[in-house]
Amino acid sequence: MRGDPASIPEIPHPRRIVPDLLVSESDEWYACGAPSPAVQGWKVYVPFTPCNAGAVLSAALPLIHAHGLHCKYIRSVLLLRKLNAGMFGYEQIGKNLVVYLPRVNSRFLGALKAGLSGFRDQCPAVPFALAFGDDLPLYYRYGAYRDGFLRFGSSEQPDDRASARAVPKNVRNRLARFTTPVREDPEVTRFLLRFPAHQALVQQGKCGVFRALNLESDAFQEVILKVGYHRGQMQPDGSDGCTFIRREIEFYKLLASRGLSRVAPALVDSLDRPRKALLALELIPGDSLLLHKLANRLTVEHLERCWEIIAKIHSAGLYLGDAKIANFLATDAGDLRVLDFEAAGAMGDPPPPIRTFLLNPEPLDPVLADQAHFLASVLFPYEEGRYSWGDRHVNLRDWLQDPPEETAACRWARQKLQSMLPRIAGTAKALIA
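Here is a short report on the structure shown in this document. This is a predicted model, so every value here is computed, not measured. (Residues numbered from 1 in each chain as written. Predicted model: local features only at pLDDT ≥ 70, side-chain atom pairs only at ≥ 80, totals over all residues. Heavy atoms only, no water.)

Okay, the overall build of the chain next. Each helix and strand in the chain was counted, giving 11 helices and 21 strands. Taken over the C-alpha trace, the chain has a radius of gyration of 24 Å; the compact-globule value for 433 residues is 22 Å, and the two agree within 12%. Overall size of the chain, expressed as C-alpha extent along the three principal axes, is 65 × 60 × 40 Å. Counting all 433 residues of the chain, 50% fall into the buried class. Counting only carbon and sulfur atoms, one obtains 50% of the accessible surface of the chain, whose full area is about 20,200 Å². Of the charged side chains in the chain, 52 are positive and 47 negative, and the gap between their average positions amounts to 6 Å. (Helix = DSSP H or I, 4+ residues; strand = E, 2+ residues; numbered from the N terminus. Rg over C-alpha atoms; globule rule 2.2 N^0.38 Å. Buried < 20%, exposed > 50% of the residue type's maximum accessible area, 1.4 Å probe, protein only. Areas by Shrake-Rupley, 256 points an atom, 1.4 Å probe, with all protein chains shown as cover. Lys, Arg positive; Asp, Glu negative; His and termini not counted. Charge placed at Lys NZ, Arg CZ, Asp CG, Glu CD.)

Here's what the structure looks like:
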């Protein structure tokens, strides 16, 4: 089925592509070829997605081997998805295949650019690296090969992978002549100049969330700026960070058309361009209910009010798709707002393949799906506020038999879930035997 992660082939072993290749393996990487004796030099990054990983590697790996270079690449689709989502750090996004290039090799670079020409505009960008341009999945920076330090003569400095300076001041950029300037969209530039960001709140593979200023407001106004990244955190169905922000923009319009603007922050402005989607929202001081839960401040009153908001949204013919306590804001003024509509839509529209929790049984009915997902978000046993991609599968029956927590909020959620389970199972996609 298109869009089903299970239908995506695993990343091929290096010897399936180059049979005589020297290979070593770690838990995360395949390392190919003899390591360079150099301690620092150029790093060339080739990003790819779960859908095109095999094809990109088949194009690049024989060229790397033919030129006697060392490289490494991520060894599983699960790790690739985590890497491109930013779960290992925003600066690691897109660093799926790393080629170590101690000295400039013009023949190799020319061959690699030609070999990757069929993948233009198909892969995520690599933060804090310089693009070769022409929409190629090809980036570079100068960095350490061994211990995380750069050495120049008798001086030593940390190799800061999260620095905007991809080439240190005292290194000549010998790869610049192989690149093409990246085109800038003037409308996107004007939008960002109107809403200049001054603080990054979240940087992920799919989007960035920032505190920004509205320079066209008559009075001082801070806003939340959301920027969708082209080909960022691509899903099996081809949707990316821009797709998610576009869905959110459309959902804000649906809320306004159905008289529900007050359940969410106000939409200040938006921009939808072919390679970028941007959203400026009212900044409302407060904390998410997930933070309240982690601080033992989540109350039954909070949950009852969320339940009412979800019911209002359903009554208007809409669904949230990713209903969870992390997406509800308890404002400093004592109100509640619902946030993040990347998975939301109108009843009858197919939901995108993004969920925080993978439920079993998983309801087909969007109303029950929202409700069950919200209850799962209350009961989930968070560790330091995080949930990894490996522990999001939730067997609702097991939870009812052995509840993870025993608080008033969790008892409320478990009782709701207990009463709903027969209806959930009646419309479920699958049941665990």
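The next thing to look at is the nonpolar core. In terms of nonpolar packing, the biggest core is built from 59 residues, with Ile325, Phe328, Phe341 and Phe374 touching the most fellow members. Considering every element that reaches this core, the biggest residue donor is helix 11 (residues 408-426), with eight residues. Excluding residues that lie within four positions of it along the chain, Phe374 makes contacts with Leu303, Cys306, Trp307, Ile310, Ala323, Lys324, Ile325, Phe328 and Trp412. The next biggest cluster of nonpolar side chains, apart from the first, holds 47 residues, and it includes Ile17, Ala60, Phe108 and Phe178. (Core = buried A, V, L, I, M, F, W, Y, C linked by side-chain atoms within 4.5 Å. Contact = heavy atoms within 4.5 Å.)

Before going further, it helps to examine the packing of helix 9 (residues 366-379) against helix 11. It is at 9 Å that the axes of helix 9 and helix 11 come closest, and there the two elements cross at 145 degrees. Classified by chirality, the crossing of helix 11 by helix 9 is left-handed. Across from Leu368, Gln371, Ala372, Phe374, Leu375, Val378 and Leu379 in helix 9, the residues of helix 11 making contact are Ala409, Cys410, Trp412, Ala413, Arg414, Lys416, Leu417, Met420, Arg423 and Ile424. Per-class residue counts for the contact of helix 9 with helix 11 are 13 nonpolar, one polar and three charged. (Axes fitted to C-alpha atoms, helices over the stretch in contact; angles between N-to-C directions. Left-handed = near helix turned anticlockwise from the far one by under 90°. Nonpolar A, V, L, I, M, F, W, Y, C, P; charged D, E, K, R; others polar.)

A separate point is the sheet that holds strand 10 (residues 197-203). Strand order across the open sheet formed by five strands is 10-11-12-14-13, with antiparallel pairing between neighbours. With partners counted over all chains shown, the strands left at the sheet margins are strand 10 and strand 13 (267-273), one partner each. Each neighbouring strand pair of the sheet contributes to a mean axis angle of 20 degrees, computed without reference to strand direction. Examined bridge by bridge, strand 11 (residues 207-213) and strand 12 (residues 222-229) share seven bridges and lie antiparallel to one another. Pairing of Ala212 across the sheet is with Val223, part of strand 12. Set on the sheet, helix 5 (residues 186-194) makes contact with strand 11, strand 12, strand 13 and strand 14 (276-282); between it and strand 13 the angle comes to about 160 degrees. Set on the sheet, helix 6 (residues 241-257) makes contact with strand 11, strand 12, strand 13 and strand 14; between it and strand 14 the angle comes to about 45 degrees. (Pairing = 2+ DSSP bridges.)

Here helix 2 (residues 53-66) spans 20 Å end to end across 14 residues, near enough to the 20 Å set by a 1.5 Å rise per residue. Of the positions making up helix 2, those classed as buried are Ala53, Val56, Leu57, Ala60, Leu61 and Ile64. Trailing helix 2 by a residue or two, Gly68 shows a phi angle of about 65 degrees, which is positive. (Expected span 1.5 Å × (residues − 1).)

Mapped onto the elements, Pro366 comes out in helix 9. In this structure the C-alpha to C-alpha distance between Pro366 and Asp237, which are 129 residues apart in sequence, comes to 20 Å.

Looking at the element boundaries, Lys95 is found in the loop between helix 3 (77-85) and strand 5 (97-101). No salt bridge is formed by the buried Lys95, whose closest oppositely charged neighbour, Glu91, lies at an N-O distance of 7.0 Å. Within polar-contact distance, the side chain of Lys95 engages the backbone oxygen of Glu91 at 3.2 Å. Not counting the four nearest positions on each side in its chain, Lys95 is found in contact with Trp29, Tyr45, Leu83, Val126, Arg141 and Arg161. (Salt bridge = Lys/Arg side-chain N within 4 Å of Asp/Glu carboxyl O. Polar contact = N/O pair within 3.5 Å; in protein donor to acceptor, adjacent residues only side chain to side chain.)

Turning our attention to the pairing of strand 2 (residues 29-32). Of the two faces of strand 2, the one holding Trp29 and Ala31 and the one holding Tyr30 and Cys32 are both buried throughout. Pairing geometry for strand 1 (residues 23-25) and strand 2, over three bridges, is antiparallel. Among the inter-strand pairings, Glu25 is bridged to a residue of strand 2, identified as Tyr30. If you look at the hairpin formed by strand 1 and strand 2, you'll find three residues sitting between the two strands. As paired elements, strand 2 and strand 4 (residues 70-74) share four bridges and run antiparallel to each other. Bridge pairing in strand 4 places Tyr30 opposite Tyr73.

What follows is about the environment of Trp42. For Trp42, the position within the fold is in strand 3 (residues 40-46). For Trp42 and His292, which are 250 residues apart along the polypeptide, the C-alpha to C-alpha distance reads 45 Å.

Turning our attention to the pairing of strand 12. The element strand 12 is largely enclosed, with a buried count of eight among its eight residues. Here strand 12 shows no split at all, with Glu222, Ile224, Lys226 and Gly228 on one side and Val223, Leu225, Val227 and Tyr229 on the other all buried. Bridging between strand 12 and strand 14 involves seven bridges; their strand directions are antiparallel. In the strand pairing of strand 14, Val223 is matched with Glu282.

Here we come to the packing of aromatic side chains. Taken as a whole, this structure holds 15 aromatic pairs when the rule is applied. Relative to Phe195, the ring of Phe191 has its centre 4.9 Å away and its plane inclined at 50 degrees; by these criteria the two rings are tilted. Judged by relative accessible area, Phe195 falls into the buried class, the value being 1%. Look at Tyr252 and Phe341: their rings are 5.2 Å apart centre to centre, the planes differ by 70 degrees, and that puts the pair in the edge-to-face class. Of the two residues, Tyr252 is situated in helix 6 and Phe341 in the loop between strand 18 (336-338) and strand 19 (345-346); the sequence distance between them amounts to 89 residues. Tyr252 gets classed as buried once you look at its relative accessible area, which sits at 6%. Classification of Phe341 by relative accessible area gives buried; the value is 0%. The ring of Trp29 has Lys72 sitting right over it, with the charged end atom 4.3 Å from the ring centre. (Phe/Tyr/Trp six-rings, centres within 6.5 Å; stacked < 30°, edge-to-face > 60°. Lys NZ or Arg CZ within 6 Å of the ring centre and 35° of its normal.)

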